[in-house]
Amino acid sequence: MAAKLTPKIEIKVVYMVAAGWSNISIAHELGISLSTVQRVKIRTETKSGDTRDKAIAEAKAKLLESISAEYARGKAASLIRDDFAMGEELRRKGAMMLEAIPERPETAKDAVTYAKALTSLSTALKLSSDMLRQTLKLSSPDLDDLEELPMLEVREMLEEEVTALRESQNLSSK
């Protein structure tokens, strides 16, 4: 019976092909089928003689691509959409639950159950609102709250300016 193809075995296949092993030797050594070795070679585009450094460089490039700013923006947008959708669903189900709770519970046990449900709902809504507020704050800063930075001017001072500055410093130190 052939071994299940795990990422670890797939990496071994890639390295063995790069080292020049034959397909049949790789299959026998790893306990996988010949067609599995061929599929891994095709999928990874590995050829005999490929170097370990090339495989590592390609893996690093893929990793860097996955953590690029564009990738992060896309992921963040997706998470924000999910958060909005979950918040809406939470509110919809909460409204349904509130409608199902009678004005006057029949037993003390029912009253406790309803109180727990209402507490859970209010906590979930509070957390959802806080998360949405924080998300909106991070994604769209209020430009009115930002202080304007002073202008930095770099130039050579005139002799008169140096003299005036020294005099004002001497006066303030006395």
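Please read these numbers as outputs of a predicted model, since none were measured by experiment. All residue numbers here refer to positions counted from 1 along the written sequence of the relevant chain. Given that this is a predicted model, residues contribute local features only at a pLDDT of at least 70 and side-chain atom pairs are listed and counted only at 80 or more, while totals for whole chains, interfaces and linings are drawn from all residues. Note that the side-chain values use all heavy atoms of the structure and ignore hydrogens as well as water.

1. Things to note about the confidence of the model for the protein
Averaged over all residues, the pLDDT of the protein equals 78, while 75% of them reach at least 70. The predictor attaches a confidence to each residue, called pLDDT, with possible values from 0 through 100. Elements are defined by DSSP. Helices are runs of H or I of four residues or more, strands are runs of E of two residues or more, and each kind is numbered from the N terminus. By mean pLDDT, the top-scoring element of the protein is helix 3 (residues 34–44) (88), and the lowest-scoring one is helix 4 (residues 52–66) (64).

2. With respect to the side chain of Thr36
Mapped onto the elements of the fold, Thr36 is located in helix 3. Note on classification: 1.4 Å probe, protein chains only; a residue is buried when its accessible area is under 20% of the maximum for its type, exposed when over 50%, partly exposed between these limits. The exposure class of Thr36 is buried, given its relative accessible area of 10%. Within the structure, Thr36 has its side chain in polar contact with the side chain of Ser33 (distance 2.7 Å). The term polar contact refers here to a pair of N or O atoms within 3.5 Å; inside protein, the definition further demands a hydrogen-donor-capable atom paired with an acceptor-capable atom, and it admits residues adjacent in sequence only when both atoms are side-chain atoms.

3. A few points about helix 2 (residues 23–30)
All of the buried residues in helix 2 are Asn23, Ile26, Ala27 and Leu30. Buried residues along helix 2 cover an arc of 100° about the axis, so they all sit on one side. Turned more than 90 degrees from where helix 2 packs its buried face, Ile24, His28 and Glu29 sit exposed. For this analysis, residues touch if any pair of their heavy atoms sits within 4.5 Å. Those residues of helix 2 that are buried are in contact with helix 1 (7–18) and helix 3. In this description, one arc is meant: the one made by directions from the helix axis to the C-beta atoms.

4. Quick word on the nonpolar core
Throughout, nonpolar core names a set of buried Ala, Val, Leu, Ile, Met, Phe, Trp, Tyr and Cys residues whose side chains join them through atoms within 4.5 Å. Judged by nonpolar contacts, Ile9, Val13, Val14, Met16, Val17, Ile26, Ala27, Leu30, Ile32, Val37 and Val40 together constitute the single largest core of eleven residues. Breaking this core down by element, the ones donating at least two residues are helix 1, helix 2 and helix 3. Beyond its immediate sequence surroundings of up to four residues, Val40 is in contact with Leu5, Glu10, Val13, Val14 and Glu45.

5. What to know about the packing of helix 2 against helix 3
In the contact formed by helix 2 and helix 3, the axes pass within 8 Å of each other and the chain directions differ by 115°. In terms of orientation, helix 2 and helix 3 fall into the roughly perpendicular class. Crossing of helix 2 against helix 3: the hand is right-handed. Between helix 2 and helix 3, the residues in contact are Asn23, Ile24, Ile26 and Ala27 and Leu34, Val37, Gln38 and Lys41, respectively. Counted by class, the contact of helix 2 with helix 3 contains five nonpolar, two polar and one charged residues. Interaxial angle, 0 to 180 degrees, is taken between N-to-C directions of lines fitted to C-alpha atoms, where a helix line uses only the stretch in contact. Angles below 35 degrees are treated as roughly parallel, those above 145 as roughly antiparallel, those between 65 and 115 as roughly perpendicular, and all remaining angles as oblique. For a crossing to be left-handed, the near helix must be turned anticlockwise from the far one by less than a right angle; the clockwise case is right-handed. Note on residue classes: Ala, Val, Leu, Ile, Met, Phe, Trp, Tyr, Cys and Pro are nonpolar, Asp, Glu, Lys and Arg are charged, and everything else, Gly too, is polar.

6. Let's talk about the packing of helix 1 against helix 2
Between helix 1 and helix 2, the least distance of the axes is 10 Å, while the angle of their chain directions is 145°. Where helix 1 crosses over helix 2, the two elements pack in a sense that is right-handed. Packed against helix 1, whose contacting residues are Ile9, Lys12, Val13, Met16 and Val17, the element helix 2 presents Ile26, Glu29 and Leu30 at the interface. Per-class residue counts for the contact of helix 1 with helix 2 are six nonpolar, no polar and two charged.

7. A look at the pattern of salt bridges
By salt bridge we mean one thing: a side-chain nitrogen of Lys or Arg within 4 Å of a carboxyl oxygen of Asp or Glu. Applying the stated criterion to the full structure yields four salt bridges. Of the charged contacts, one joins Arg43 and Glu10 as a salt bridge, the two residues approaching to 2.9 Å between their closest N and O atoms. In this pair, Arg43 is assigned in helix 3 and Glu10 in helix 1, connecting sequence segments 33 residues apart. The class of Arg43 is partly exposed, set by a relative accessible area of 48%. Here Lys93 makes a salt bridge to Glu89, at a shortest N to O gap of 3.8 Å. You can see Lys93 and its partner Glu89 sitting in helix 5 (residues 69–100), four residues apart, about one turn around the helix. Classification of Lys93 as partly exposed rests on a relative accessible area of 48%. Residue Glu89 is classed as partly exposed on the basis of its relative accessible area of 33%. In this structure, a network of salt bridges that share partners links the residues Glu89, Arg92 and Lys93.

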